[in-house]
Amino acid sequence: MFIAKRPYSRLTILLLLLATLVLTSCGAPLAENWPRMSTDVQNFYVVYGPGIFGIEAESQDLLWNYQSENASLFFYAPPSVQNGRAIVGDFGAAQGFFSPQTIVSVYGLDVSGNAAEVLWSRDDLAKDRIVAGPLQIDGVAYVATSDNLLLALDAETGDELWRFAADFSIWAQPTYHEGALYIASLDRHLYKINAADGSELWAVELSGAMSAQPVVNPDENLVYAASYDREVHALDMDTGAEVWSVPATDWVWSAPALADGTLYFGDSSGNVFAVNAADGEILWQSGVHAMNVVEGVVQNPPLEIKGAIQASPVVQDDVVYFASLGNEESEEGLLVALRATTGEELWQTTTPAPLFSDPVIVGDVIVVAMQSEVGVLQGYDLETGQQEWTYQPPES
Amino acid sequence: MWDLLIINPITNALLWLYAVLGNNFILSLTVFTVITRILMLPLNLRQQRSMVKTQEMQPQIRAIQQKYKDNPQKMQEEFQKIGYNPAESLSGCLPLLATMPILFGLFQVLRLILGSTPQTLFELTQRVYPGINLTNLLPIESNFLWMNLGQPDPYYILPILVFVTMFVQTKFTSPSTAKKDDDKSKGNKKGGKDKQDDPTAAMTQSMQYTMPIMFGFFSLSFQAGLSIYFVLSNLIGIGQGLYTRRIMEAEKEALAREKELKAMGMNGDVGIPEAEMTKNEPVSSGNSKATQGSRKSRSQSKRKRRSAKR
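Only a predicted model underlies this, so the values are computations on that prediction, with no experimental measurement involved.

Turning our attention to the overall build of chain A. Scanning chain A for helices and strands turns up 1 helix and 34 strands. Taking all contacts inside chain A whose residues are at least 6 apart in sequence as the whole, residues at least 24 apart take part in 40%.

Structure (structure tokens):
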């Protein structure tokens, strides 16, 4: 026969195989997995891929590590460690082809020894990823989830004490102050809730979603909220009424740093700002596009922070440090040290990979986490910006 | 290139629709599906007509194949005479191939828009065109009924719907079904055997089952948003299939009427004889000329009948 049956069947099979291959590859997890960390000054606690690592800050010795049994399960939220107990939530993973529902778990780990032992784990609390690092206060763990919840758990047992539901995901760690929790949500609201029972004290809607942890300033009775609406807002801690707001040039992804009455923050266009924490007056600004923002404000034109700033700055000894995504083409990150009072550049150094996560200062070293084959953690000298050490966690 | 031509345009189209349609993602997905189906409509119609036409020509094709099985060159010539091009039978796969980039693109785009992670949001910000104000659009509402559109349906309802709608759609657009129906109506018991001998029908038959099973299966792990796209797309396909079948049946009836009239000696000079029509109308061109021909003959028939009455 001229037209055989088989070639068509083969074509069908070939098409189906092709579709299977492509669709399966489309389903692969995101390659981007930003390492993040928290610290209690003595140690770093790093989450990267399916692992959580406790690392001694001074020596960079591995103290303990916890590896998820499910290799496709990732951690993104840095753990909260207190009294030898780590509270952490995962990014969730589907349980297989026929059980595609994402299971998200919250864990209580005993990290007082050389190994991380699971005290408890709960997979019935959240249905969507945990992006925000948990917070432990007085034996209560506060865990924010992407399915709009703030959960209060007994840190010892994992028992749920109460839950608060926002209208959309909560990506920011809550901030605790005198029995109240301040929560910034992607639903554009900043909430103040009672930490004892989760009841809402006030809620204020801003004009942009928020992924930055609120910052409280009891001296001024203000709480600061950085938003995707290109502004940082200062709200009255008691009522939530907006006292002032200061414009940035782009989204402000991360929490401002508050030090000595000044608020420091960076935006997605790579501009950095220092404002008076009391009244929002811009003290100085630097960056590629900052020149057009406000006239009459001290400018620092020589500084060019290339790449978006998604991490919170850190301040120590009159120096403010910004981590940026750096040059997109070279795929290198950038770490910059500026004089806190003037914005004058002290040094800047490139890092092997873009910096998405908040840096931390331990001793005389500023530590940044990045997705790099050279080392997930890199320590730079605070004075000079010279690289001091690199650390690569053990593979699972 | 993939990002530039597929991902970014789909992303921005969905975001623009989301903004225009009152920040309702399911509505923007629906409109997007309708638009893509409309864009694909000429291709789908052409493919459907082509398949049906090929199916109708099977007796002639088989006869030629049988007669010239040892002389491929002559067979080709004979195929050309009846307006059949075997290579163009493969055009049946074209709509499927053409929709694949949209399918794969949408899979990635839904992960970007509804991904609900800082990584996906960051990536999204890099892809948004200047005219779209992402700040005003966030957060993008991802809940619809019991589902999070960015995650698989936990109750397996959508995979079942994908399977059912796709199965029904392939039934409606499949020429073998039409043929089978014809065979049944004519009491032709050889219908099944015909299909066995006919590779195109066999392929269509296998596609009727494998595609819905495959996509239903994949929908278990697809985002609910993508499964909804499938369901909507299939529903539109069903409507399109029904419409095309109705048109083609009407054309068939018209041809049959012409034959009857011709047999009665009333219309000896009107219309194009079927054999001549198939000879002159290449299959690959769909049925547009045939349609024109049949319309022409229908109008001529009407004129003739009117004059006969007078």
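The discussion continues.
Moving on, we come to the overall build of chain B. Looking only at helices and strands, chain B has 14 helices and 2 strands in total. Relative to its full complement of 310 residues, chain B shows a buried share of 38%. For chain B, long-range pairs separated by at least 24 residues make up 79% of all intrachain contacts whose partners lie at least 6 apart in sequence.

For the rest of this paragraph, the subject is unusual backbone geometry. Cis geometry marks the peptide bond from Leu-138 of chain B to Pro-139 of chain B, where omega comes out at -5 degrees. Here Pro-139 of chain B lies in the loop between α7 (134–137) and β1 (143–144). The phi angle at Asp-138 of chain A is positive, at roughly 50 degrees, despite the residue not being glycine. Along the chain, the position of Asp-138 of chain A falls in the loop between β10 (135–137) and β11 (140–144). Overall, Asp-138 of chain A belongs to the exposed group, with 9 C-beta atoms counted inside 10 Å. A positive phi is found at Glu-178 of chain A, a non-glycine position, where the angle reads about 45 degrees. If you trace the backbone, Glu-178 of chain A turns up in the loop between β14 (175–177) and β15 (180–184). Judged by local crowding, Glu-178 of chain A falls into the exposed class, with 8 C-beta atoms found within 10 Å.

All names here are of chain A. Strand order in this open sheet of 4 strands is β31-β32-β33-β34, and the pairing throughout is antiparallel. Two strands bound the open sheet, and with one partner strand each, they are β31 (360–362) and β34 (387–391). Taken over all neighbouring pairs, the strand axes of this sheet differ in orientation by 25 degrees on average, direction set aside. Two strands pair when backbone bridges link them, and strand β33 (residues 377–381) and β34 are joined in this way by 4 bridges, in the antiparallel orientation. Residue Gly-379 lies in a different strand from β34, and its bridge partner there is Trp-389.

Turning our attention to the nonpolar core. Formed by 154 residues in total, the largest nonpolar core has its most connected members in Val-46, Ile-130, Ile-183, Met-210, Tyr-224, Ala-225 and Ala-226 of chain A. When residues in this core are grouped by element, the largest group, 7 residues, is from helix α12 (residues 224–263) of chain B.

Let us look at the packing of helix α8 (residues 157–173) of chain B against α12 of chain B. Residues and elements named next belong to chain B. Their axes nearest at 8 Å, the elements α8 and α12 cross at an angle of 20 degrees. With respect to their mutual orientation, α8 and α12 come out roughly parallel. Between α8 and α12 the crossing geometry is left-handed. Contacts between α8 and α12 involve Leu-158, Pro-159, Leu-161, Val-162, Thr-165, Met-166, Val-168, Gln-169, Phe-172 and Thr-173 from the former and Ala-224, Ser-227, Ile-228, Phe-230, Val-231, Asn-234, Leu-235, Gly-237, Ile-238, Gly-241, Leu-242 and Arg-245 from the latter. For the contact of α8 with α12, the class distribution of residues is 14 nonpolar, 7 polar and 1 charged.

This brings us to α12 of chain B. Under the 1.5 Å per step criterion, the end-to-end length of α12 of chain B is 57 Å for 40 residues, consistent within 8% with the ideal 58 Å. Two residues or fewer after α12 of chain B comes Gly-265 of chain B, characterised by a positive phi angle close to 80 degrees.

Residues and elements named next belong to chain A. Averaged over all residues, the pLDDT of chain A is 87; the fraction at 70 or higher stands at 86%. Low pLDDT (under 50) marks residues 1–7, which in the prediction has 11 contacts with non-local residues, meaning those over four places away or in another chain. Scored below 50 in pLDDT, residues 24–31 makes 6 contacts in the model with residues more than four places away or belonging to other chains.

Our next topic: the sheet that holds strand β21 (residues 242–247) of chain A. Consider a sheet: its strands pair through backbone hydrogen bonds, and that pairing is either parallel or antiparallel. Residue and element names in this part refer to chain A. Reading across the sheet, the 4 strands line up as β18-β19-β20-β21 and stay open at both edges, with antiparallel pairing between neighbours. The outermost strands of the open sheet, each flanked by one partner alone, are β18 (215–217) and β21. Strand-to-strand twist in this sheet, taken as the mean axis angle between neighbours without regard to direction, amounts to 20 degrees. Across 3 bridges, β18 lies against strand β19 (residues 222–226) in antiparallel orientation.

For a regular strand, side chains alternate in direction, first toward one face of the sheet and then toward the other. Residue and element names in this part refer to chain A. Within β11, 4 of the 5 residues are buried, which leaves it mostly tucked inside the rest of the structure. As judged from the 3 bridges shared by β10 and β11, these two strands associate in the antiparallel manner. When the bridges of β11 are listed, Ile-137 appears paired with Val-140. Hairpin connection from β10 to β11: 2 residues lie between these consecutive antiparallel strands, with Asp-138 at a positive phi of about 50 degrees.

To continue, consider the packing of helix α1 (residues 2–20) of chain B against helix α2 (residues 25–56) of chain B. Residues and elements named next belong to chain B. Where α1 meets α2, the closest approach of the two axes is 8 Å, and the angle between their N-to-C directions is 125 degrees. The angle between the axes of α1 and α2 places the two elements in the oblique class. Here the hand of the crossing between α1 and α2 comes out right-handed. Note on element contacts: α2 touches α1 through Phe-25, Ser-28, Val-31 and Phe-32, opposite Ala-13, Leu-14, Leu-17 and Tyr-18. Across the contact of α1 with α2, the residue classes tally to 7 nonpolar, 1 polar and no charged.

Take the pairing of strand β9 (residues 117–126) of chain A next. Residue and element names in this part refer to chain A. Sheet analysis places strand β8 (residues 102–110) next to β9, joined by 6 bridges and oriented antiparallel. In the strand pairing of β9, Val-104 is matched with Ala-126. A loop of 6 residues connects β8 with β9, the two strands running antiparallel in sequence.

This part covers the confidence of the model for chain B. All names here are of chain B. Confidence in the prediction of chain B, expressed as mean pLDDT, is 77, and 72% of residues score 70 or more. Residue range residues 184–193 is modelled with pLDDT below 50. Its contacts to residues more than four positions away, or to other chains, number 5 contacts. In the model, residues 268–298 has pLDDT below 50 throughout and makes 50 contacts with residues more than four positions away in sequence or in other chains. The complex prediction reports pTM at 0.80, with the ipTM value standing at 0.84.

Cut-offs applied
- Residues numbered from 1 in each chain as written.
- Chains lettered and ligands numbered in written order.
- Predicted model: local features only at pLDDT ≥ 70, side-chain atom pairs only at ≥ 80, totals over all residues.
- Helix = DSSP H or I, 4+ residues; strand = E, 2+ residues; numbered from the N terminus.
- Contact = placed C-beta atoms within 7 Å.
- Buried ≥ 20, exposed ≤ 12 C-beta atoms within 10 Å, placed from the backbone.
- Pairing = 2+ DSSP bridges.
- Axes fitted to C-alpha atoms, helices over the stretch in contact; angles between N-to-C directions.
- Core = buried A, V, L, I, M, F, W, Y, C linked by C-beta atoms within 7 Å.
- Parallel < 35°, antiparallel > 145°, perpendicular 65-115°, else oblique.
- Left-handed = near helix turned anticlockwise from the far one by under 90°.
- Nonpolar A, V, L, I, M, F, W, Y, C, P; charged D, E, K, R; others polar.
- Expected span 1.5 Å × (residues − 1).
- pLDDT = per-residue confidence, 0-100.

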